[in-house]
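# What the coordinates show
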Amino acid sequence: MFTLKEILEKTACSELTVEEAEKLVRLQAIAELEGIARIDCNREHRNGVPEIILAENKTVQDVVEISMKMLETNGRVIISRCTPQHIEALNAAVPTEAICQVNQKAKMVIIKKKNYTFVNSGGKIGLLTAGTSDIPVAEEAKVIAEEMGCIVYTGYDLGVAGIHRLLEPLKDLIIKDVDVLVVVAGREGALPSVVAGMVNVPVIAVPTSNSYGFGEKGVSTLMAMLQSCSLGMAVVNIDSGVAAGAVATLIANRVAKFRK
């Protein structure tokens, strides 16, 4: 199966007719594994966000088969919410023409063919967390943003319980002129509201499930963020680092396109 770029190049060189190219594009749109999954291989070309394989609640065998098919078709595969068993099996399955990167904190695996072409978009994202326990969710956002071409600047453990810790990292992000900020917090979810009230760029708030008692498992955090009076702030679902990274990157990449 050709990549979309290869199909276009072969059509331009008259190695494929328009009709043959159209058929290949249609075939490439969805790669199907019999009885397991239908992979949206063209998503990144269509809307800028690559398909991400969610390993959670999938068997090790299914994750490996789906991932290898995606690698074969697109030259890269991103797998999220991996268990140690998933990671071990994926590492073992990587073909010689590919490399495997593991982000242990995010529980994510990225496998790329060695000839995979990576493009830096020029987008700049700031990523902050309230606590150390929020870092795994933040790292999900970081992986997605970097794989979509952005530069990510991080500042971790800056919560409102010690608000003085926030000022210097936030000042640094303003100097770097980031296009968007992702702010990850648990408990009362106050940090994104504080940040949104201090900057002139969009803020994406990510509630985490690091809370207990009344409104446990991130419910109170999500509610607090949704009730924020700071304008310029949007909220994703609980523990949705991947979603936050994707939205932030679409914003940053759009800004970078016009900055150029």
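Right above here is the structure, for reference.
A short tour of the structure in this document, coming up. Since the model is a prediction, treat every value here as computed from it, not as a measurement.

### A short note on the sheet that holds strand E9 (residues 180-185)
Ordered in space as E8-E7-E9-E10-E11, the five strands form an open sheet in which the pairing is parallel. Sheet topology places strand E8 (151-155) and strand E11 (233-235) at the edges, where each strand pairs with a single neighbour. The mean angle between the axes of side-by-side strands here comes to 25°, regardless of whether they run parallel or antiparallel. Sheet contacts for helix H10 (residues 241-259): strand E7 (124-129), E9 and strand E10 (203-207); angle to E10, the most-contacted strand, approximately 170°.

### Looking at the pairing of E10
With five of five residues buried, E10 is to be regarded as a mostly interior element. With burial as the criterion, each face of E10 is covered, one bearing Val203, Ala205 and Pro207 and the other bearing Ile204 and Val206. Sheet topology note: the E9/E10 ladder contains five bridges and is parallel. Opposite valine 184, over in E10, you have valine 206 as the bridge partner. As for the winding sense of the linkage, the β-α-β connection from E9 through helix H8 (residues 191-196) to E10 is right-handed. Following the chain from E10 across helix H9 (residues 219-226) to the adjacent parallel E11, one finds a crossover that is right-handed.

### Side note on the environment of glycine 241
When you line up the elements, glycine 241 lands in helix H10. The sequence separation of glycine 241 and valine 143 amounts to 98 residues, and the corresponding C-alpha distance is 9.3 Å.

### Some words on the sheet that holds strand E6 (residues 108-113)
In space, the four strands of this open sheet follow the order E3-E4-E6-E5, with mixed pairing throughout. Only two strands of the sheet have a single neighbouring strand rather than two, namely strand E3 (52-54) and strand E5 (98-103). Ignoring which end each strand starts from, the neighbouring axes of this sheet average 20° apart. Across four bridges, strand E4 (residues 76-80) lies against E6 in antiparallel orientation. Across the sheet, the residue bridging to valine 77 is isoleucine 111, located in E6.

### Quick look at the nonpolar core
Ranked by internal contacts, the top residues of the largest apolar core, which has 19 residues, are Leu128, Leu181, Val195 and Val203. Among the elements of the structure, helix H7 (164-175), E9, H8 and E10 are those that each provide at least two residues to this core. Beyond its immediate chain neighbours, meaning those up to four positions away, valine 195 contacts Leu128, Leu166, Leu170, Leu181, Val183 and Val203.

### Thoughts on unusual backbone geometry
Positive phi is not limited to glycine here, since asparagine 57 has a value of about 65°. Along the chain, the position of asparagine 57 falls in the loop between E3 and helix H4 (60-74). Judged by its relative accessible area of 81%, asparagine 57 falls in the exposed class. The backbone of arginine 81 shows a phi angle near 55°, a positive value even though the residue is not glycine. The residue arginine 81 is located in the loop between E4 and helix H5 (84-93) in this model.

### As for empty space enclosed by the protein
On inspection of all chains with the given rule, the structure shows one cavity of 30 Å³ or more. Empty space within the largest cavity amounts to approximately 30 Å³. Taken together, Ile125, Leu127, Ala141, Lys142, Ala145, Val152, Val182, Gly245 and Ala248 form the lining of the largest cavity. Listing elements by their share of the lining of the largest cavity, those giving two or more residues are E7, helix H6 (135-147) and H10. For the lining of the largest cavity, the element with the most residues is H6, which contributes three residues. By residue class, the composition of the lining of the largest cavity is seven nonpolar, one polar and one charged.

Each value, and the rule that gives it
- Residues numbered from 1 in each chain as written.
- Predicted model: local features only at pLDDT ≥ 70, side-chain atom pairs only at ≥ 80, totals over all residues.
- Heavy atoms only, no water.
- Pairing = 2+ DSSP bridges.
- Helix = DSSP H or I, 4+ residues; strand = E, 2+ residues; numbered from the N terminus.
- Axes fitted to C-alpha atoms, helices over the stretch in contact; angles between N-to-C directions.
- Contact = heavy atoms within 4.5 Å.
- Buried < 20%, exposed > 50% of the residue type's maximum accessible area, 1.4 Å probe, protein only.
- Right-handed = clockwise from strand over helix to strand, strands pointing away.
- Core = buried A, V, L, I, M, F, W, Y, C linked by side-chain atoms within 4.5 Å.
- 1 Å grid on protein atoms, 1.4 Å probe; cavity = no way out; pocket = protein on both sides within 12 Å on 5 of 7 lines; lining within 4 Å.
- Points joined across faces, edges and corners; volume = space filled by probe spheres on them.
- Nonpolar A, V, L, I, M, F, W, Y, C, P; charged D, E, K, R; others polar.

Any link to function would need more than the numbers given here.
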